[in-house]
Amino acid sequence: MSKLEPKARTVLEAVAEFELPKTSGLPPSIRRSFRSLAVSTISNSQTLIYIGTYGGKIILLTLDPSSAVTPDSEPVTVNESGVKAGNQTGSEAPSSKKLTFLRSSSVGDYLVDSIHVFVEIGKILVLSDGFLFLLDLHLLQPVRRLKFPKGATVVARRLRGSDSTSSDLLGDGVSQSELSSRSQRFLQKLGGGIIANGMKSRDYESLREGNCVVAVAVGNRLILIELVLPGRTGRTDRDADTGGIFIVIKEIQAVEGINTMVWLDDSIIVGTINGYTVFSCVTGQSAPLFSLPDTSSLPCLKPLVKDHNVLLFVDNVGIIVNAFGQPVGGSLIFRCVADSVGEISYYVIVVKDGRMDLYHKKTGLCIQSLYFAVEGVGPCIVANEESGIGEFVVFATPSKAICFQKVSPEEQIKDLLKKKNFKEAISLVEELECEGEMTKEMLSFVHAQVGFLLLFDLHFEEAVNHFLQSETMEPSEVFSFIMRDPNRWSLLVPRKRYWGLHPPPVPLEDVIDDGLMTIRRAVFLRKAGVKTECDEDFLLNPPSRAELLESAIQNMIRYLQVSRHKDLIPQVREGVDTLLMYLYRALNHVDDMERLASSENSCVVEELESLLDDSGHLRTLAFLYASKGLRSKALAIWRILARNYSSGLWKDPAVQQSNQDTGITLISGKKTAAIEASKILEELSDQDMVLQHLGWIADVNQELAVRVLTSEKRTHQLSPEEIVSAIDPKKVEILQRYLQWLIEDQDSDDTQFHTLYALSLAKSVMETIKRENSYQSPVAGKFEEADIFNAENGTIFQTPVRERLQQFLQSSDLYDPEEVLDLIEGSELWLEKAILYRKLGQETLVLQILALKLQDSVAAEQYCAEIGRPDAYMQLLGMYLDPQDGKEPMFKASVRLLHNHGESLDPLQVLETLSSDMPLQLASDTILRMLKARLHHHRQGQIACNLSRAINIDTKLARLEERSRNAQINNESLCDSCHTRLGTKLFAMYPDDSIVCYKCFRRQGESISVTGRNFKRDIIIKPGWLINR
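Residues numbered from 1 in each chain as written. Predicted model: local features only at pLDDT ≥ 70, side-chain atom pairs only at ≥ 80, totals over all residues. Heavy atoms only, no water.

Engineer: Lay out the overall build of the protein with the relevant residues and their values.
Structural biologist: A count of helical and extended segments in the protein gives 33 helices and 32 strands. In the protein, buried positions account for 46% of the 1029 residues. Intrachain contacts of the protein at a sequence separation of at least 6 include 57% that bridge at least 24 residues. Element-wise, carbon and sulfur atoms account for 50% of the exposed surface of the protein, whose accessible area totals about 53,600 Å². (Helix = DSSP H or I, 4+ residues; strand = E, 2+ residues; numbered from the N terminus. Buried < 20%, exposed > 50% of the residue type's maximum accessible area, 1.4 Å probe, protein only. Contact = heavy atoms within 4.5 Å. Areas by Shrake-Rupley, 256 points an atom, 1.4 Å probe, with all protein chains shown as cover.)

Engineer: Any details on the sheet that holds strand E23 (residues 327–333)? Residues and values, ideally.
Structural biologist: Taken in spatial order, the 4 strands of this open sheet run E20-E21-E22-E23, and their pairing is antiparallel. Of all strands in the sheet, those with a lone pairing partner are strand E20 (300–304) and E23, marking the two edges. For this sheet, the mean angle separating the axes of adjacent strands, direction not counted, is 20 degrees. Where strand E22 (residues 317–321) and E23 come together, 4 bridges link them in antiparallel fashion. Each bridged residue has a counterpart across the sheet, and for Val-317 the counterpart in E23 is Ile-333. (Pairing = 2+ DSSP bridges. Axes fitted to C-alpha atoms, helices over the stretch in contact; angles between N-to-C directions.)

Engineer: I'd like a description of the nonpolar core, backed by residues and values.
Structural biologist: Note that soluble globular proteins tend to have their nonpolar side chains buried in a common cluster. Counting residues in each nonpolar core, the largest one holds 176 residues, and the members touching the most others are Ile-349, Phe-372 and Phe-395. Considering each element in turn, this core owes the most residues, 11 residues, to helix H4 (residues 440–456). Once residues lying within four places of it in the same chain are set aside, the contact partners of Phe-372 are Val-351, Gly-354, Arg-355, Met-356, Cys-380, Phe-395, Thr-397, Lys-400, Ile-402 and Phe-404. Counting 26 residues, the second-largest nonpolar core is a separate cluster that includes Leu-264, Leu-312, Val-341 and Cys-366. (Core = buried A, V, L, I, M, F, W, Y, C linked by side-chain atoms within 4.5 Å.)

Engineer: Outline the confidence of the model for the protein, listing residues and values.
Structural biologist: Of all residues in the protein, 81% have pLDDT values of 70 or greater, and the mean over the chain is 82. Confidence over residues 170–210 falls short of pLDDT 50; this stretch has 81 contacts with residues more than four positions distant or in other chains. Per-residue pLDDT stays below 50 along residues 778–793; that stretch engages in 8 contacts with residues further than four places along the chain or on separate chains. (pLDDT = per-residue confidence, 0-100.)

Engineer: Quick one: what's the story with the side chain of Arg-157, residue by residue and with numbers?
Structural biologist: Within the secondary structure layout, Arg-157 lies in strand E12 (residues 152–159). Residue Arg-157 is classed as buried on the basis of its relative accessible area, which comes to 17%. A polar atom in the side chain of Arg-157 sits 3.1 Å from the backbone oxygen of Val-117. Discounting chain neighbours no more than four positions away, the residues touching Arg-157 are Val-117, Phe-118, Glu-120, Cys-212, Val-213, Val-214, Trp-263 and Glu-386. (Polar contact = N/O pair within 3.5 Å; in protein donor to acceptor, adjacent residues only side chain to side chain.)

Engineer: Let's hear about the packing of helix H5 (residues 460–469) against helix H9 (residues 545–563): which residues, and what values?
Structural biologist: Interhelical geometry of H5 versus H9 gives an angle of 15 degrees and a closest axis separation of 9 Å. One element, H5, and the other, H9, form an angle in the roughly parallel class. Viewed along their axes, H5 and H9 form a crossing whose handedness is right-handed. Listed contacts from H9 to Phe-460, Glu-461, Val-464, Asn-465, Phe-467 and Leu-468 of H5 are Leu-548, Ser-551, Ala-552, Asn-555, Met-556, Arg-558, Tyr-559 and Val-562. Across the contact of H5 with H9, the residue classes tally to 9 nonpolar, 3 polar and 2 charged. (Parallel < 35°, antiparallel > 145°, perpendicular 65-115°, else oblique. Left-handed = near helix turned anticlockwise from the far one by under 90°. Nonpolar A, V, L, I, M, F, W, Y, C, P; charged D, E, K, R; others polar.)

Engineer: Just give me the short version of the sheet that holds strand E16 (residues 260–264), but keep the residues and values in it.
Structural biologist: An order of E15-E14-E13-E12-E16-E17-E18-E19 is seen for the 8 strands of this open sheet, with the pairing classed as mixed. Of all the strands in the sheet, the pair left with one neighbour each is strand E15 (246–253) and strand E19 (286–291). Along the sheet, successive strands turn relative to each other by an average axial angle of 20 degrees, direction set aside. One ladder, built from 5 bridges, connects E16 with strand E17 (residues 267–272); its direction is antiparallel. Residue Thr-260 lies in a different strand from E17, and its bridge partner there is Gly-271.

Engineer: Tell me about the packing of aromatic side chains, and please be specific about residues and values.
Structural biologist: Within this structure, the stated rule accounts for 20 aromatic pairs. Ring centres of Phe-445 and Tyr-498 lie 5.2 Å apart, and the angle between their planes is 15 degrees; this geometry places the pair in the stacked category. Pair noted here: Phe-445 is in helix H4 and Tyr-498 is in the loop between helix H6 (479–482) and helix H7 (508–527), with a separation of 53 residues, a long-range link. The rings of Phe-445, Phe-452, Phe-456, Phe-467, Phe-481, Tyr-498, Trp-499 and Tyr-559 are connected pair by pair, giving a single aromatic cluster. The residue whose ring lies beneath Lys-833 is Trp-830, and the NZ or CZ to ring-centre distance is 4.3 Å. (Phe/Tyr/Trp six-rings, centres within 6.5 Å; stacked < 30°, edge-to-face > 60°. Lys NZ or Arg CZ within 6 Å of the ring centre and 35° of its normal.)

Engineer: With reference to specific residues and values, describe the side chain of Ser-748.
Structural biologist: Along the chain, Ser-748 turns up in the loop between helix H20 (732–745) and helix H21 (751–775). A polar side-chain atom of Ser-748 sits 3.5 Å from the main-chain amide nitrogen of Asp-750. The contact partners of Ser-748, leaving out residues within four places of it in the chain, are Leu-742, Ile-743, Phe-753, His-754 and Leu-814.

Engineer: Run through the packing of H7 against H9, naming residues and quoting values.
Structural biologist: Axis separation between H7 and H9 bottoms out at 10 Å; the angle between their running directions is 135 degrees. The orientation of H7 with respect to H9, classified from their angle, is oblique. For the pair H7 and H9, the sense of crossing is right-handed. Taken together, the residues of H9 that come into contact with H7 (itself represented by Leu-508, Glu-509, Ile-512, Asp-513 and Leu-516) are Arg-545, Leu-548, Leu-549, Ala-552, Ile-553 and Met-556.

Engineer: Quick one: what's the story with the pattern of salt bridges, residue by residue and with numbers?
Structural biologist: Following the criterion strictly, the structure yields 32 salt bridges and no others. Linked by salt bridges that have partners in common, Glu-120, Arg-157 and Glu-386 make up one network. (Salt bridge = Lys/Arg side-chain N within 4 Å of Asp/Glu carboxyl O.)

Engineer: Could you give an account of the environment of Asn-900, with specific residues and numbers?
Structural biologist: Inspection of the secondary structure assignment puts Asn-900 in helix H29 (residues 891–901). For Asn-900 and Glu-861, which are 39 residues apart along the polypeptide, the C-alpha to C-alpha distance reads 9.1 Å.

Engineer: Explain helix H2 (residues 409–418) residue by residue, including any values.
Structural biologist: Judged by how many residues are buried, H2 sits mostly within the fold: 7 of 10 residues are covered. Listed as buried for H2 are Pro-409, Gln-412, Ile-413, Lys-414, Asp-415, Leu-416 and Leu-417. Tucked inside the fold, the buried residues of H2 contact strand E25 (347–352), strand E30 (400–406), helix H3 (422–434) and H4. Just past H2, the residue Lys-420 takes up positive phi, approximately 65 degrees.

Engineer: So what's going on with a negative patch on the surface? Which residues, and what values?
Structural biologist: Where like charges cluster on the molecular surface, the negative patch consists of Glu-712, Glu-744, Asp-745, Asp-747 and Asp-749. Taking relative accessible area as the criterion, Asp-745 reaches 43% and is therefore assigned partly exposed. (Patch = residues over 30% accessible without salt bridge, like charges linked within 9 Å, V, L, I, M, F, W, Y side chains within 5 Å. Lys, Arg positive; Asp, Glu negative; His and termini not counted. Charge placed at Lys NZ, Arg CZ, Asp CG, Glu CD.)

Engineer: Let's hear about the environment of Leu-111: which residues, and what values?
Structural biologist: When you line up the elements, Leu-111 lands in the loop between strand E7 (98–106) and strand E8 (112–118). Apart from the residues lying within four places of it in its own chain, the contact partners of Leu-111 are Arg-35, Thr-53, Tyr-54, Gly-56, Leu-127, Ser-128 and Asp-129.

Engineer: Requested: an account of unusual backbone geometry, with residues and values cited.
Structural biologist: Backbone torsion omega between Phe-148 and Pro-149 reads 5 degrees, so that peptide bond is classified as cis. The topology assignment puts Pro-149 in the loop between strand E11 (144–145) and E12. That bond from Asp-485 to Pro-486 is cis: its omega, -5 degrees, falls within 30 degrees of zero. The topology assignment puts Pro-486 in the loop between H6 and H7. In this structure, Gln-855 takes a positive phi of about 50 degrees despite not being glycine. Residue position: Gln-855 is located in the loop between helix H26 (843–853) and helix H27 (857–867). Its relative accessible area of 58% is what places Gln-855 among the exposed residues.

Engineer: Please provide a residue-by-residue account of the pairing of E15, values included.
Structural biologist: When you tally the buried positions in E15, you get 7 out of 8 residues, the bulk of the element. Note: strand E14 (residues 221–227) against E15, 7 bridges, orientation antiparallel. Looking at the pairing, Leu-224 lines up with Lys-250 of E15.

Engineer: Explain H27 to me, and be specific about the residues and the numbers.
Structural biologist: Within H27 the residues assigned to the buried category are Ser-857, Ala-860, Glu-861, Tyr-863, Cys-864 and Ile-867. Seen along its axis, H27 keeps its buried residues to an arc of 155 degrees; they face one direction. A positive phi of about 85 degrees marks Gly-868, the residue just after H27. (Arc of directions from axis to C-beta.)

In C-alpha cells:
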C-alpha cells in the first residue's frame, strides 16, 4: 500500500493556557496532577472548562475572550519525520483569550474518572470512586452524591442524531417504520419485548426536552438512568432518588470488565480487554464486534458526534463504525497508541506524551502535528465539546492545560497561500465545499486568488488555468495586465478584495521585470547562503524575458478566447475583443487577427485603427472595417492592396510559394483582395460605390465582377440600364454574363436586353471566327501564339460562344431577328441564319440553308415535319433534285427522303418531280415501295369499310330482335315496382326483362329500371351474329 503524503496545515492554534504551579489562587491541597477534562460552551461569550484531578477535586476555568495574555510557552510543530520545527499557531500575534480560574469543588479523595456536562439541566455528572456526583455548572451549590448505583466504572451519555429513528424505550419493541431500516432489523433479531436477559423494567414516560439519559456500567450490568430537572412534579417512580434527581429506566445484563462505552441511539457499544460488544438498549440482546489479541493495548471508544459514528481502536488503528457496529469508510492509522482521543469538525485528535496529531476522518492524512508539552511529561488528556460542533479543544498534561481554537477556514486558506501551498489550499476549499461549510462562490474566489499569485510568480499557464476554473472572476480583472491604466475600460475593473496577498495589477511587461528582478535577487542571496522562497526551477534555469513575455501573452490569449463565449455586458465584451486583438498583434498572429476581425466581434475601431495601420496589418484593418459596417474604408484598403501587389511594392505570397515549389497552390494577394472586396460589394446596394470598384475587380478577375453584378444578397437590386451602360465595352464576357443573368435568372422580358445579348454573342462569334482564320497560317509559332492568347484571356463561360448564340436564338422570342440578320448577313453563320429565318417564318430560305448550304438532311426533314404539310416534303425533294447554281442533284438525299416519308407523298407528283437523269436503280426500289404501300393502304381502307358495314347490319338486327321480343301478361302478372295486378293496364319492359306498369314507368324513367340499373351508364351488351361467327 502506498504511503499517503501528509498535508502541513494549521487547523488549531493555541489561545490560552493554565498551569497549576503558577496559579496562586489555588489551595495547595488540590495542586496535584490532572486526570479528566470536560469542555462546554454555555454562551457565545463564555466557555467553561472542567478539570478533574487525581485527588478528587473539580477545577472550573473560564475562557474569557475580552482579555489578552501571551502564553508562557508556545506549542512546537513537528515535520513529517517527527522533528520539532518551531511555532505553528499560524500567526505571530499574541493570543486573544485568557483562561481564568473561577473556583474548585471536591467530590472526595479519589481520582475523578470522568466529567459529563448537561447544559440542558444545568448540571455536571462526575464519576469518582465508583459513585456518581451531581454538581451545578458553576460549582456554586453543594455536591450531591447519588445513592445508586454503586461501583460504577464507566458512564456514557446517550447521543441521538437529528434524523435518528431510535426508540423511546417505552413500547414492547421498535415501531414498524423503525424496523424498515437494515440496521433496525439487525436489532430485532437480537430479541423483542421489554423483559429480556434478566432486565428490570420500570414505568417510563416519553423523553421530553430537558431530560438526559446515561448508561452506567456496574460490574456485569448496564443501568440506564434518566437525569431530570429538580422539582418536576408528576413523577411516581419507586426507584427515583430523593428530590427527583434521576430515574432508573432499565438494567441490562452485560459483561465484566467494561473499560470504555459509547451509547448511540439504541446501541450501546462497550469495550473490554477481550474485545468490543454491542448491546441493544431496547431488547437487551448483544452481539460481538471485534476480539482483541492478548498483547493489544486497552480498548478505547470515541464517539464522533458530528458524523454520528464511533471510532473504535485496536492498538494504533482506528476503525469508524456506525451505531450498529458496521464499519463505514476506511481505517485510520495513527503514529502510536493514543493516551486520549478528541474530535473537532472533520478531524480526529490523538495525543501522546505531549504531542498532538490531527487526522482527517475521511482521508486519514495527518494534517497538523505539534508538541504542547515537553517529551516525557506523562499521560496527556484531550477534551472537546460534546456537541461536536464547538470551536475549542483543551489539552492537558498532569499539571498544565492549554486551550486551542479551531482556525477559521479562511485563515487556513490564507496561511496556505502565504506558504505558496496552492494545491493544498484548493484541496481544502473543495473539501469544505463538499462538506457544506463553504460556498461554491468562495471556491471560485480562491481559484482567482491563486491565479493572481501564480501570475506574479511568473507561472502564467497555471495562473490562467485557475482563472478559468473561477466562475465569479470577471474578464475585466485582467485588462490592467494588458493595457496600462488609465484606459477606456479602467472603470469597469471590479474593486475586489483578494486578502491583500498579491500586488495591484500592472502590465505584463512590468510583472515580468519585477519577477526577474526577484529571481536575480534570490540567486544572489542563495550564493550568499541565505534561503529564499523563490521557485527552484527558476533558480536553476532562469528564463529569458522574451520567453516569459511570450508565455504570458499566449495564456492571456487563451483566457480571453474562453471569455468571449461568456455572457458579458457590451462594454466588457468590447474590452475582451479589443485587447485580444492587441495580444494577437504582439505575437504577430496574422491568421488569428484576420479571423477575429472578419467574424462577429466587439472590437473598438478607434482603439485599433492607428495601431493596425502603423504596423502594416491592412488586411486585418480591412476585415475590421467590413465587420463594423465601414465598407467604403474597407474597399479602399482592398483596392490599395491589389494595386500594391500588382505593382510589386509588396511581395505576393503566392509567387514566393510557387518559387519554393512546395506543391501547394496559393491564391495571389491581388486576387485575394479582389475576392474580399467582391464579398462586400455583393451585399452592397449603393450603386455608385459598386460601379466605383467594379473596374479594378474586373481587371483582376472577371468572374468576381460578374458575381458582384449578379449577387442576390443585396436588399435592392441595381439598375440594369445603368449597369449595362457602365460596363467597359472591352469586358464583353462580363456584359454577356450579366445579360444572361437578367434573361435566364431574373426572367427579364425587355426586348432591348434580349436583342443586345444576341448582338453581343453574334459579334463575339464573328470575332472568334475571324481570329481563328487569322491564325490558320503555315508560319511557325502561330499556333503557339494562339494558345498563349487564349490562356491569357480565359473565358468565364464553360460552353463555346457559338453554342450559346445558337441556344439563345432558338429559345428566345423577344429579340429582333432582322437586326441580328443584318449583323451576320455577310458571314458564314448559316445555322444561325436558318434559326433567324425560321423566326421570321421564311420556310423556303430555311429549307435552302438546311438542305443546300448545310446539307443537313436530318435537320431539313425534321423542319418539314414541324411544318406538317405534305407539300413541304415535295418542296424539299425538288430542292434535292434541282439544287440550282450549277450544283449536282442530291440523289442520295432524295432517296433518303423518299425512303423515310415516301408513303405520305403522292406517287404521281413524285414521278413528275423525279429527274430523268436520276439512275433507275436508285429510284426503282423506292418507287416500288411507294406503289406497294399505296395498294396496301387502299386494301386496308376496303377492309375497314366492309367491317363497318357488317357492324351496322349487326346493330340493326339486334335492334330488330329487341323490338320483336314478346312478353306474356295474364291476370296474375304483377308490376315489379308497385306489385299491382297488370290485367289490361299499359305496361313497359326494360332491357333487363323487368316489367312495370305505365304509372311506375313514368316515375322511373326510361333509363333506370326497377332494379336500380342505369342503362345509360351500365350498358347491356348482347353478342350479335358477327361476334358469334
